[in-house]
Amino acid sequence: MARNSKISLLINVILVLFCIADRVNGGINNGNNNKAFPHIVFIMADDMGYNDVSYNDPMHQIPTPNIDALGLNGVILNRHYSTHMCSPSRAALMTSEYPIHTGLQHWVIDADEPWGLPLDRKIMPQYFADVGYETYMAGKWHLGFHKSEYTPLARGFDHHFGYWGPYIDYWDKTFVKLDRPYNRGIDWRRDSTIMRNTNETYATYAITDAAVNYIEQHDKRRPMLMVVNHLAPHTGNEDAPMQAPRSEINRYSYVQNEKRRNMTAMCAILDEGVGKIMKALKEQKMLENSIVVFISDNGAPTVGLHSNMGSNYPFRGQKNSGWEGSFRTPAVIYSPLIKKPGRISFDYFHITDWLPTLMSAAGIKLRSSRPLDGIDQWNSISLGLMGKRREMLLNINPVVGWSSFIKNDWKLLRKAPEANDKWLSEANNDTQFRNEASYVQNIVNSDAQKAIGKGLNTFDVVQTLRRNQINCGVPRKFGKGFKECDFSKTKQCLFNIISDPCERYDVSSMYPHILKQMEAALKVYEDQVVPSLYQPTDPKCNPAYFNNTWVSWNDPPSVRNSFLVTMGKEIY
């Protein structure tokens, strides 16, 4: 070979290596050690409150040993913030943008409304697919489906098992709004195939089984991204909201409140599913190179619309409010790739951070044509370094008139008066555990702990969870400037959210200079708010027109017929 040809070949090889290095972007530094891209499993509960997992509840009322095992062997994110409602949280997770930047800041996308997450946004599965991941979703979508181009298979997921809308009946998989003139319609699919006659399978079991099947059939030569969005413990339809198998409900007879007992069964079944996923990853020899995350999409609705008796204790407020009970959620992450596991992180972590953090953990350079609000926090999680986030816009909702914003130690809350702005959740008094040793033994016996394969010391677990507890403290006297936040008397309140996480003390009059700084910082975001994409109900959606099925009703008939089939046959 001529000298010039050899030089040319060498240059081409070097260029290829540079391209690969740029794409992987430093796998050694962020913990992947240039191994194959890790498998990522992201599990999200729906309307699970902060105190609805055992590790956050001193009484461990709801048994969640598998979720607890993830956190105790990985990292518990003590200050994890989601957004205020279902669709905004899912949009923030998928795009790494605040809802004010995507038009989802006001409300959820109801099944009969013709709008969705903007199509010009690149979302999580598309980023991972770009570097060779196979992408799966099991469970809830809730980011729009009036046209098929808004649905999971058109937005980067190779496979989807579950439902498109906000919620369904746990047994017959239908969705209905009792105040709307529509038929009850089925919303349950495997990819493009509508599944009927599924009454024998409880939805949480079915979603878990789908996730396990995805793991078992996955081609191990490719990395896997799997998002598991559970229905539980969100309520079902309004005519049968709290649903769980009677045999499971009966296991929790120690829970005195009947509705809370049903909620306990719903959460416990979800937790068992987390264990089954961990067991499947272990059996398929995937766990050693996997990252598993569990969070809730928002706080629980303790009272009112879709109330599930979930607990946000000790925080104030609930889902769809500006209070901590709306945003601060359970969150844990487990991975053998974490260099310093077995920790509690007290750093701020926002749901928008997951996309850049997980891509960094995989050694993938995140390239976006849009400015993103998420922050790469992998070094904080893996190495225990100080987190990078110093402020979080929790939301601005101009339609309702409230805003919620955190910067450093401070939280500014602007909110119109409403009935549900108090402390709606109480401490749990019921438990099935005789002592802490029996609680720890329950974790040891879980599928997740067995898959992880490490021992747990009762003393260490007790000390860890003691550090994790939120301490609202005995009400302190701040002096002359102290007052309780009362929105019937004021338009905004300032809290020191680190020393006062339960938002008892409005200190705006004590720190006018801090208040001024917070107002200026919030004003920057107020100037960025895009119009809400919310659209009113469209009667053309009526499932009665489509064989009692929820479909992409604004598609041309030819598109609908090719995209939606039942048992391999057209349904129209």
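Residues numbered from 1 in each chain as written. Predicted model: local features only at pLDDT ≥ 70, side-chain atom pairs only at ≥ 80, totals over all residues. Heavy atoms only, no water.

A. Inspection of the overall build of the protein chain at higher detail. In terms of helices and strands, the protein chain carries 16 helices and 20 strands. The buried share among the 572 residues of the protein chain stands at 60%. The long-range share in the protein chain, meaning contacts at least 24 apart out of those at least 6 apart in sequence, stands at 74%. Surface summary for the protein chain: the accessible area is close to 22100 Å², and the carbon and sulfur share equals 52%. (Helix = DSSP H or I, 4+ residues; strand = E, 2+ residues; numbered from the N terminus. Buried < 20%, exposed > 50% of the residue type's maximum accessible area, 1.4 Å probe, protein only. Contact = heavy atoms within 4.5 Å. Areas by Shrake-Rupley, 256 points an atom, 1.4 Å probe, with all protein chains shown as cover.)

B. Local environment of the confidence of the model for the protein chain. In the predicted model, the protein chain carries a mean pLDDT of 91, and the fraction of residues at 70 or more is 90%. With pLDDT under 50 throughout, residues 1-34 is counted as low confidence; its partners more than four residues away or in other chains account for 39 contacts. In this model residues 567-572 is a low-confidence stretch, pLDDT under 50, and it forms 16 contacts with partners more than four residues away in sequence or in other chains. (pLDDT = per-residue confidence, 0-100.)

C. The sheet that holds strand β15 (residues 410-414), seen in detail. With antiparallel pairing, the four strands of this open sheet are ordered in space as β13-β14-β15-β17. Two strands close off the open sheet at either side, each with one partner strand: β13 (391-397) and β17 (492-496). If you compare each strand with its neighbour and ignore which way they point, the axes differ by 10° on average. Contacting β13, β14 (402-407), β15 and β17, helix α15 (residues 512-526) runs over the sheet at an angle of about 65° to β15. (Pairing = 2+ DSSP bridges. Axes fitted to C-alpha atoms, helices over the stretch in contact; angles between N-to-C directions.)

D. Structural context of the packing of aromatic side chains. Applying the stated rule across the entire model yields 28 aromatic pairs. Seen from their ring centres, F128 and Y133 are 5.0 Å apart, and the 70° between their planes marks the pair as edge-to-face. Under the relative-accessibility criterion, F128 is labelled buried at 0%. When its relative accessible area of 1% is taken as the criterion, Y133 is described as buried. A centroid spacing of 5.2 Å and a plane angle of 55° characterise the contact between W171 and Y202, whose relative ring orientation is tilted. Placement of the pair is W171 in the loop between β4 (159-163) and β5 (174-175) and Y202 in the loop between β8 (193-194) and α6 (203-217), with a sequence separation of 31 residues. Assessed through its relative accessible area of 28%, W171 is described here as partly exposed. Overall, the relative accessible area of 1% leaves Y202 in the buried class. An aromatic cluster of at least three residues, connected via ring pairs, comprises Y167, F175, Y182 and W550. (Phe/Tyr/Trp six-rings, centres within 6.5 Å; stacked < 30°, edge-to-face > 60°.)

E. Quick peek at the pattern of salt bridges. By the definition in use, this model includes 28 salt bridges. D239 is the salt-bridge partner of R184, the closest N and O atoms lying 2.5 Å from each other. A residue pair is termed long-range when its members are at least 10 positions apart, and R184 in the loop between β5 and β6 (185-186) and D239 in the loop between β9 (224-229) and α7 (246-249) qualify at 55 residues. The class of R184 is partly exposed, set by a relative accessible area of 33%. Across the salt bridge formed by K411 and E324, the nearest N and O atoms sit 2.9 Å from each other. Taken together, the residues K411 in strand β15 and E324 in helix α9 (residues 324-327) connect sequence positions 87 residues apart. Here E324 falls in the buried class, since its relative accessible area comes to 0%. Salt bridges here are not isolated pairs; linked through shared partners, they connect D110, D112, K177, D179 and R180. (Salt bridge = Lys/Arg side-chain N within 4 Å of Asp/Glu carboxyl O.)

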